[in-house]
Amino acid sequence: MRILIKNIKELVGVESTPRLRKQGKEMSVLETIKDAYLVIEDGKFAAFGPMSEWKSESGKWKVEKEVDATGRLVMPSFCDSHTHVVYANSREKEFVDKIRGLSYEEIAKRGGGILNSAKATAAATEDELYALARRRLDDLMRMGTGAIEIKSGYGLSTESELKLLRVIRRLKETTPMTIKSNFLGAHGIPMEYRGHQEDYVDLVINETIPRVAAEGLADFIDVFCDQGFFTVADTERILEAGIKYGMRPKIHANEMAISGGVQVGVKYNAISVDHLEQMGDAEIECLKGSDTMPTVLPGCAFFLGLPLSPARQMIDAGLPVAMASDYNPGTSPSGNMQLIFSMACIRYRLTPEEALNATTLNTAYAMGVSNEVGSIAVGKKANFYITKHIPGYEYMPYAYGENKVERVFLNGQEI
C-alpha cells in the first residue's frame, strides 16, 4: 500500500544520505523540508521532498491513501534505548521514603529498590506481566515512541529472568514497535547472596545465560557496574560469558560513582554505556574513537536528584550522546520521550537539534537499529508521527507539559 502525506508544514529529521549516528558538531545538524510531501510504500519511506516538486513526482506513484498534514509537522518516532517496562508493581512508597531523606542505596540495603520489584515479579504470571507491559507500550506509542529496548533484571533468579524475557519476546511478536531485548540478570544482588555475590555471578554465568541463549531470548547482555552493585571483575566475567553466546554488551555505569564501568564497556565493545551521572575526563577520553554510545538518562537524574551527566561537555569533546527514558518503577517511572526531549534542552543545555538527534538517531544506534529507524530516510521503516498544530520543532521541547502528537504511524500503518 502506498500512502501520501501531503502539505506537511515541516518534515523534520530527513536524511538524504543515512547515517548510523551523529557525534560532536554533527549533532547540531537537522535537515528539514518545509511545505513537504512524504510517500510510504509497503511500510517504508519511499520518497519525500517539497510540495512544489510533487506534481512532477506524482506520476510515478499510484497512491491508495492520502493524509493532509496542513499546519502540522511530521517527525521521526522517538527511539528509547533504555527501559525496564516489564515489571509487576509500582514503588510509590519508596518515593515517599526518598522525600523523607532516604538514599537509593539505603532503600536497596533494606530490601527495597530492585529487590522489591523482583519479589513482586516472582509472584506474577507471564500473562499478568504481559498485560501490564502492553498497556505501558500502548501509552508510549501514542506519545511518539516507535522503537524501544526492554531489559529484564527484576527477576534475579533464573526462572524469573526467563519469565521476563519471554514476556519481552511476546511483546516483540504482538506490537508494531521495534523492540530489542536485554538480559540484565546482574541488575542487583539478591539478599541471600549478600556478602558472597561471586556465587550469584557464577549462577548468572553457568546457569542463566546458557538457558537465555538456548531460547534465543536476548539481543544484549547488561550489568549494573557501580558502587554497591557489581564490580569491574564481576562485569568482565558476565560480559565474556554473554559474548560467547552472541549477546552484545551494554553497561549500566557510573550512576552512583565513577566505577570503571565506562572503561569496561569500551574494552568489550559495548554498544552503549548508560547513566553516566558521574563522569571524569578519563571517561570522556576513553569513549573517544570507540563505537560505544554514551547514553544519558535524564528521568533518573531528575527523579533521584542526582548530578547531571556532562552531556554538553561530551558533545563539545566530539562524542555522540543519546538520551533515553530509563522507564522503571523505582527511579524513573515515566517513558515519555517528549519529556526527555525537553529535559535534554532545559537541564542539559542541548539545542533542540542536538536533543532530537539524541532521542531518535543516536538512541536507535544505542539499540542497534539505526539502519532501520531513527530518521526519515528512503528504505527505513516508516515510523513517524504527525504533530498537532504547532509553530515549529522547537516547540516540542519548549511545551513540556502537553502531548504534541496527534497521529502515529508505525511500519507505515496508523495506530
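Note that the coordinates shown come from a computational prediction; the quantities given were computed from them, not determined experimentally.

K.L.:
Before we move on, can you summarise the overall build of the chain with the specific residues and values?
P.N.:
Helix and strand content of the chain: 16 helices and 16 strands. Here the chain has a C-alpha radius of gyration of 21 Å; the compact-globule value for 415 residues is 22 Å, and the two agree. Seen through its C-alpha atoms, the chain measures out along the principal axes to roughly 70 × 45 × 45 Å. Here the chain displays about 15,500 Å² of accessible surface, and carbon together with sulfur accounts for 50% of that area.

K.L.:
With reference to specific residues and values, describe a nonpolar patch on the surface.
P.N.:
Together, F95, V96 and I99 make up a nonpolar patch on the protein surface, roughly 260 Å² of accessible area in all. Tracing the backbone through its elements, the reader meets V96 in helix α2 (residues 92-99). Taking relative accessible area as the criterion, V96 reaches 31% and is therefore assigned partly exposed.

K.L.:
Which residues make up the sheet that holds strand β7 (residues 145-151), and what are the values?
P.N.:
Reading across from one edge, β6-β7-β8-β9-β10-β11-β12-β13 is the order of the 8 strands in this open sheet, with parallel pairing throughout. The open sheet has two edge strands, β6 (78-83) and β13 (322-323), and neither has a second partner. Taken together, the 6 bridges between strand β9 (residues 220-225) and strand β10 (residues 248-253) define a ladder with parallel strand orientation. The partner of C225 across the bridge, within β10, is A253. Sitting on the sheet, helix α8 (residues 232-244) is in contact with β8 (178-186), β9 and β10, with an inclination near 175° to β9.

K.L.:
Break down the packing of aromatic side chains for me, with residues and values.
P.N.:
Summed over all chains, the structure comprises 11 aromatic pairs. Relative to F229, the ring of F224 has its centre 4.1 Å away and its plane inclined at 15°; by these criteria the two rings are stacked. The buried category is assigned to F224, whose relative accessible area is 1%. Residue classification places F229 among the buried positions, given a relative accessible area of 10%. Pairwise contacts between aromatic rings join F45, F384 and F409 into one cluster. The side chain of R136 reaches across the aromatic face of Y87, ending 3.6 Å from its centre.

K.L.:
Describe the pairing of strand β12 (residues 293-296), listing the residues and the values that go with them.
P.N.:
The two faces of β12 match: M293 and T295 on one face and P294 and V296 on the other face are all buried. Where strand β11 (residues 272-275) and β12 come together, 4 bridges link them in parallel fashion. Bridge pairing in β12 places V273 opposite P294. As defined by bridge partners, β12 adjoins β13 across 2 bridges and the pair is classed as parallel. The residue bridging T295 from the neighbouring strand is A322, located in β13.

K.L.:
Could you give an account of the side chain of T121, naming the residues involved and the relevant values?
P.N.:
Tracing the sequence through the fold places T121 in helix α4 (residues 114-123). Every residue in contact with T121, bar those within four places of it in the chain, is listed here: A88, L129, Y154, K163 and L164.

K.L.:
I'd love a proper account of the pairing of β11, names of residues and values included.
P.N.:
Consecutive side chains along a regular strand alternate between the two faces of the sheet. Pairing between β10 and β11: 3 bridges, direction parallel. When the bridges of β11 are listed, I251 appears paired with V273. Taken together, β11, helix α10 (residues 281-287) and β12 constitute a β-α-β crossover, and its handedness is right-handed.

K.L.:
Residue-level account of the pattern of salt bridges, with values.
P.N.:
This model, assessed by the stated rule, comprises 26 salt bridges. With its nearest N and O atoms 3.3 Å apart, the salt bridge here joins R312 to D316. Taken as a pair, R312 and D316 lie in helix α12 (residues 311-316) at a separation of 4 residues, close to a single helical turn. Taking the relative accessible area as the measure of exposure, D316 reaches 59% and is therefore exposed. When salt bridges that share partners are traced, they join E126, R166, R169 and E215 into one network.

K.L.:
Tell me what's going on with the environment of T70, and back it up with residues and numbers.
P.N.:
Considering the arrangement of structural elements, one finds T70 in the loop between β4 (65-68) and β5 (72-76). Given the relative accessible area of 42%, T70 is considered partly exposed. For the pair T70 and E10, spaced 60 residues apart in sequence, the C-alpha to C-alpha distance is 9.5 Å. What T70 contacts, discounting residues up to four positions off in sequence, is K6, N7 and H389.

Calculation notes
- Along every chain, residues carry numbers that run from 1 in the direction the sequence is written.
- Reporting of local features is limited, given that this is a predicted model, to residues whose pLDDT is at least 70; pairs of side-chain atoms are given and counted only at 80 or more, and all residues count toward the totals for whole chains, interfaces and linings.
- Computation of side-chain values covers all heavy atoms of the structure but excludes hydrogens and water.
- Helix numbering and strand numbering both begin at the N terminus, where a helix is a DSSP run of H or I of at least 4 residues and a strand a DSSP run of E of at least 2.
- As defined in this context, the radius of gyration uses C-alpha atoms, and a globule is described by 2.2 Å times the residue total to the power 0.38.
- Residue burial considers only the protein chains on display, and all accessible areas are found by Shrake-Rupley using a 1.4 Å probe.
- Like charges are joined within 9 Å and nonpolar side chains (Val, Leu, Ile, Met, Phe, Trp, Tyr) within 5 Å, but only among residues with over 30% relative accessible area and no salt bridge; these make up the patches.
- Every case where a carboxyl oxygen of Asp or Glu lies within 4 Å of a side-chain nitrogen of Lys or Arg is listed as a salt bridge.
- The rule is simple: take the accessible area with a 1.4 Å probe, protein chains only, and divide by the maximum for that residue type; under 20% is buried, over 50% is exposed, in between is partly exposed.
- Here a strand pair is declared whenever DSSP counts at least two bridges between the two strands.
- What makes two residues a contact is simply this: any of their non-hydrogen atoms within 4.5 Å.
- Helix axes use the C-alpha atoms of the stretch in contact, all axes being lines fitted to C-alpha atoms, and the angles between their N-to-C directions lie in the range 0 to 180 degrees.
- The criterion for an aromatic pair is that two Phe, Tyr or Trp rings (for Trp, the six-membered ring) have centres within 6.5 Å, with stacked assigned to planes under 30 degrees apart, edge-to-face to planes over 60 apart and tilted to the rest.
- To sit over a ring, a charge needs its Lys NZ or Arg CZ within 6 Å of the ring centre and within 35 degrees of the ring normal.
- We call a crossover right-handed when, viewed with both strands directed away from the observer, the connection leading from the first strand over the helix to the second proceeds clockwise.

Purely geometric numbers; function is a separate question.
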